[in-house]
There are 2 protein chains.
Amino acid sequence: MSSLLITGIGELVTNDDAGILRAAAVVIEGEQIWWTGPAARAPTADTCVDVAGAAVIPGFVDSHTHLIFAGDRSAEFAARMAGNTYTTGGINSTVAATRDASDSDLRSATARLVSEGRRQGTTTFECKSGYGLSVEDEARCLRIAEEFTSETTFLGAHVVPAGADRGDYVDLVCGPMVAACAGHARWIDVFCDRGAFDADETRTVLDAGVAHGLQPRLHANQLEAGPGVQIAVEYGAASADHCTHLTDADVDALAGSDTVATLLPAAEFCTRSKFPNARRLLDAGVTVALATDCNPGSAYTTSMPLCIALAVREMGMTPAEALSAATEGGARALRRDDVGRVVAGARADLVVLAAPSHVHLAYRPGVPLVDAVVHSGQWEGRTR
Amino acid sequence: MSSLLITGIGELVTNDDAGILRAAAVVIEGEQIWWTGPAARAPTADTCVDVAGAAVIPGFVDSHTHLIFAGDRSAEFAARMAGNTYTTGGINSTVAATRDASDSDLRSATARLVSEGRRQGTTTFECKSGYGLSVEDEARCLRIAEEFTSETTFLGAHVVPAGADRGDYVDLVCGPMVAACAGHARWIDVFCDRGAFDADETRTVLDAGVAHGLQPRLHANQLEAGPGVQIAVEYGAASADHCTHLTDADVDALAGSDTVATLLPAAEFCTRSKFPNARRLLDAGVTVALATDCNPGSAYTTSMPLCIALAVREMGMTPAEALSAATEGGARALRRDDVGRVVAGARADLVVLAAPSHVHLAYRPGVPLVDAVVHSGQWEGRTR
């Protein structure tokens, strides 16, 4: 097992008790972080990279994506931005394109997005189904997703597909669909919101998922202050995602729980909607995660740096809070303690920034600041 | 002179009467575009690149930057985002750092930002002085800027430097400073706004610049609906920049002039300010440009794609209007007809997107979509 010393780190964000280290170094052994500390006291290693004063942060943990789909909806986006309602298509157009796509096409489309995210510093990502909406296509999407990440989520309850009866569809999701999908997923998710699934349907689907060994997470309170957050807390969900419209009782429930509030500002950006109030959640003691929500309808971005910049501009977070939410917060939303921190024993997932401080992720919006990515100990990107 | 055929273009945005071409090709000869049209009818060339369905757009024209400076102000940014007033520093801290920097340091800092912008598709950029604020340092900054672009702007009237008397400083700008700088600049600019220079001072400085052969452009109406836009139109300025706060009379004046309204949404993004209303200007018939305003205080970004995404999200522009403003609009703001369009005879400045349509620049915010850049006929970036 070979070791790698990364030294000359101007600012090392650990997300650990050590906080931010200056003039620091990291030693990686195999796939894990073995040592962190002052560069002047760094042990030797087989190879050494000097990052010349750059900031180094944990790899981003993108805990909410919908990466498995075919086609795009740029025309729908352009129409929405022009103030027009685009009546054809929506999610159903992506479902149709996904069903029509071959495994190979789906795999290569997903690989392209995964690679795009990786180049922007994402080293762990969750991936939901939800554009198959048939037993075969949901299972197929999750089988392909499994090739890219262990954090797969069964989201058969994304919408009721065009032409289907709601009751029949919920029965399908809770019967043959979850049975076919459970072996390929870690998580069960439901889009619990206006126009999607109501409280009863949500509980029914979550129960079916849990009965098949899946762990709950929930799309909650994106479009209105509905029952989603309360159900997420009631089920001990790892995360309630979106949290755009919250009552005081919702905030209290989250604060008194282990459920992370995962905020997805790219969705509000791309749909010209009101942003969630991260400040209110943080001040109440809620753990906040930031994720991309990458999907072709409402947030077609793989950029965690954009989410950080938006969180700071629009949601009342400081750059440090936003970075924490995009790394450790995401890890908590996935109930993971091996990622999201730069600490001995963690998986060696690091991002070397073309900047002296993590603040630049918000201070320099839109600029591709990821200079190199270390994923499971493997150095990717520019060699200095 | 060698020729290059770029074919397999899924969507070619020409900004010419031809509009958007599908299944198109471009032939470049030397530094210029020689032919555009349907791929099926493309002439042969010495070399050929097939971009496999990608969209190709004109290179971005970033008509408003402050790229010549030293240091950064990330701490000021972080304090502002945390709701605190950062009382030390501001522009004066950048002035101090710039004066202290060696020519070599200034040159390499500028080179880094120019390269960063180029990788994001910027093939023409304007660059202002304004962080020297002494005869020697303003001239020095412009001499270095000239090494990177012919679009240099003398902005000695950026602010009154700390400790100086306003009247004395305006005299300095209009006397020895403009004399030392005019040989290194094309444009004269004044920050005409609350807390900077008033109408009389602005006219005095513009007159001095014009007397030295410089052409006017103006920082106008960023912080309030002041006299800037009216003065810009009165002087036949190429551009009035910012235009965040406009009266109906300002809009009418712009619409009846050749003065472009250059909007700088990254400044509003980074200072949490109200965005300008591009829709109002476009509907009135004003020519709009988009630029980065890249500077270490209020908009530290080189990303024209970010400006496009913000213009669409926040300023009422369609993706096509935003792209036009970021290319042809910028060219008009610099009174250039050799850039900003993909048309025979224009400089061969092109961007190959990792996307099938220009709409993706707004539809996929934050994602580095620039796959390759052609600058004066030279292919830079990924070779397919």
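Residues numbered from 1 in each chain as written. Chains lettered and ligands numbered in written order. Predicted model: local features only at pLDDT ≥ 70, side-chain atom pairs only at ≥ 80, totals over all residues. Heavy atoms only, no water.

Q: Quick question: what am I supposed to make of the packing of aromatic side chains here?
A: Two descriptors summarise a pair of aromatic rings, namely the distance from one centre to the other and the angle between the planes of the rings. Per the stated rule, a full pass over the model turns up eight aromatic pairs over all chains. A ring pair is formed by Y363 of chain A and F77 of chain B, whose centres lie 5.5 Å apart and whose planes are at 40°; its orientation type is tilted. You can see Y363 of chain A sitting in helix α13 (residues 360-363) and its partner F77 of chain B sitting in helix α1 (residues 74-81), one on each of two chains. Here Y363 of chain A matches F77 of chain B in class, with each residue buried. (Phe/Tyr/Trp six-rings, centres within 6.5 Å; stacked < 30°, edge-to-face > 60°. Helix = DSSP H or I, 4+ residues; strand = E, 2+ residues; numbered from the N terminus. Buried < 20%, exposed > 50% of the residue type's maximum accessible area, 1.4 Å probe, protein only.)

Q: Would you take a moment to explain the side chain of R336 of chain B for this structure?
A: All names here are of chain B. Checked against the element boundaries, R336 lands in the loop between α12 (319-333) and β15 (350-353). Note on R336: relative accessible area 15%, which makes it buried. Engagement of the side chain of R336 in a polar contact is seen with the side chain of D338, the distance being 2.7 Å. When neighbours within four sequence positions are excluded, R336 is seen to be in contact with T124, S150, E151, R186, A331 and R347. (Polar contact = N/O pair within 3.5 Å; in protein donor to acceptor, adjacent residues only side chain to side chain. Contact = heavy atoms within 4.5 Å.)

Q: Explain the domain arrangement of chain A here, please?
A: By a widespread convention, an interface's size corresponds to the accessible area lost as its parts come together. Residue and element names in this part refer to chain A. According to the domain assignment, chain A consists of domain 1 (3-59 + 341-380) and domain 2 (60-333). In this assembly, 19 residues from domain 1 lie in contact with 18 residues from domain 2. Here domain 1 meets domain 2 over a buried area of about 1,400 Å², counting both sides, of which 66% is carbon and sulfur. The largest contributions to the domain 1 side of the interface with domain 2 come from N15, G59 and L361, which together make up 32% of the buried area. For the salt bridge of E380 with R118, the shortest nitrogen-to-oxygen distance reads 3.1 Å. Elements supplying a minimum of two residues to the side of domain 1 that touches domain 2: β5 (55-58), α13 and β16 (370-375). For the side of domain 1 that touches domain 2, the residue count by class is eleven nonpolar, four polar and four charged. (Domains from an automatic or database assignment. Buried area = accessible area lost by both parts, 1.4 Å probe. Salt bridge = Lys/Arg side-chain N within 4 Å of Asp/Glu carboxyl O. Nonpolar A, V, L, I, M, F, W, Y, C, P; charged D, E, K, R; others polar.)

Q: Even after reading the chapter, I still don't get the relation of the copies chain A and chain B, so can you show me in this structure?
A: Think of it as a corkscrew move, a rotation about one axis and a shift along it, taking one chain copy to the other. Of the transformation superimposing chain A on chain B, the axial component is 0.0 Å and the angular component is 180°, with the fit at an RMSD of 0.0 Å. Considering both components of the superposition, the chain copies are consistent with a two-fold axis. Of the C-alpha atoms belonging to chain A, the one lying closest to the rotation axis is found on G366 of chain A, 2.7 Å away. Taken as a fraction of all interface residues of chain A, those also at the interface in chain B reach 100%, which identifies the copy contact as same-surface. (Least-squares fit on C-alpha atoms with pLDDT ≥ 70 in both.)

Q: Could you clarify how one ought to interpret the pairing of strand β3 (residues 32-38) of chain A in this entry?
A: It is a general feature of regular strands that their side chains alternate between the two faces of the sheet. Residues and elements named next belong to chain A. As defined by bridge partners, strand β2 (residues 20-29) adjoins β3 across six bridges and the pair is classed as antiparallel. Bridge pairing in β3 links V27 to W35. If you look at the hairpin formed by β2 and β3, you'll find two residues sitting between the two strands, and G30 has a positive phi there, around 60°. (Pairing = 2+ DSSP bridges.)

Q: Any chance you could explain the confidence of the model for chain A here in plain terms?
A: Parts of the prediction with low pLDDT should not have their coordinates interpreted in detail. In this model, chain A carries a mean pLDDT of 96, and residues with pLDDT of at least 70 account for 98%. Within chain A, strand β6 (residues 60-62) of chain A carries the highest mean pLDDT (99), whereas strand β17 (residues 378-381) of chain A carries the lowest (88). (pLDDT = per-residue confidence, 0-100.)

Q: Sorry, what's going on with the interface of chain A and chain B here?
A: Taken together, the 41 residues of chain A in the interface contact 41 residues of chain B. Broken down residue by residue, the surface that chain A buries against chain B is led by F269, R313 and Y363 of chain A, which jointly contribute 24%. Linking chain A to chain B there are two salt bridges. When residues of the side of chain A that touches chain B are traced back to their parent elements, those giving at least two are α1 (74-81), α3 (103-119), α9 (265-271), α11 (304-314) and α13 of chain A. Counting residues per element, the side of chain A that touches chain B draws most heavily on α11 of chain A, at six residues.

Q: Got a minute to help me understand the pairing of β2 of chain A in this structure?
A: All names here are of chain A. In terms of strand pairing, strand β1 (residues 3-13) meets β2 through eight bridges, oriented antiparallel. Counterpart to L4 in the pairing with β2 is I28. Taken together, β1 and the strand that follows it, β2, pair antiparallel across an intervening segment of six residues, in which N15 is found at a positive phi of about 60°.

Q: How do you make sense of the packing of helix α4 (residues 135-146) of chain A against helix α5 (residues 166-181) of chain A when you look at a structure like this?
A: Between two packed helices, the angle of one axis relative to the other and the distance separating the axes together describe the packing. Residues and elements named next belong to chain A. Packing of α4 against α5 leaves a shortest axis separation of 9 Å and a crossing angle of 35°. By crossing handedness, the relation of α4 to α5 is classed as right-handed. For the pair α4 and α5, contact is made by V135, E138, A139 and L142 and by L172, P176, M177, A180 and C181, respectively. (Axes fitted to C-alpha atoms, helices over the stretch in contact; angles between N-to-C directions. Left-handed = near helix turned anticlockwise from the far one by under 90°.)

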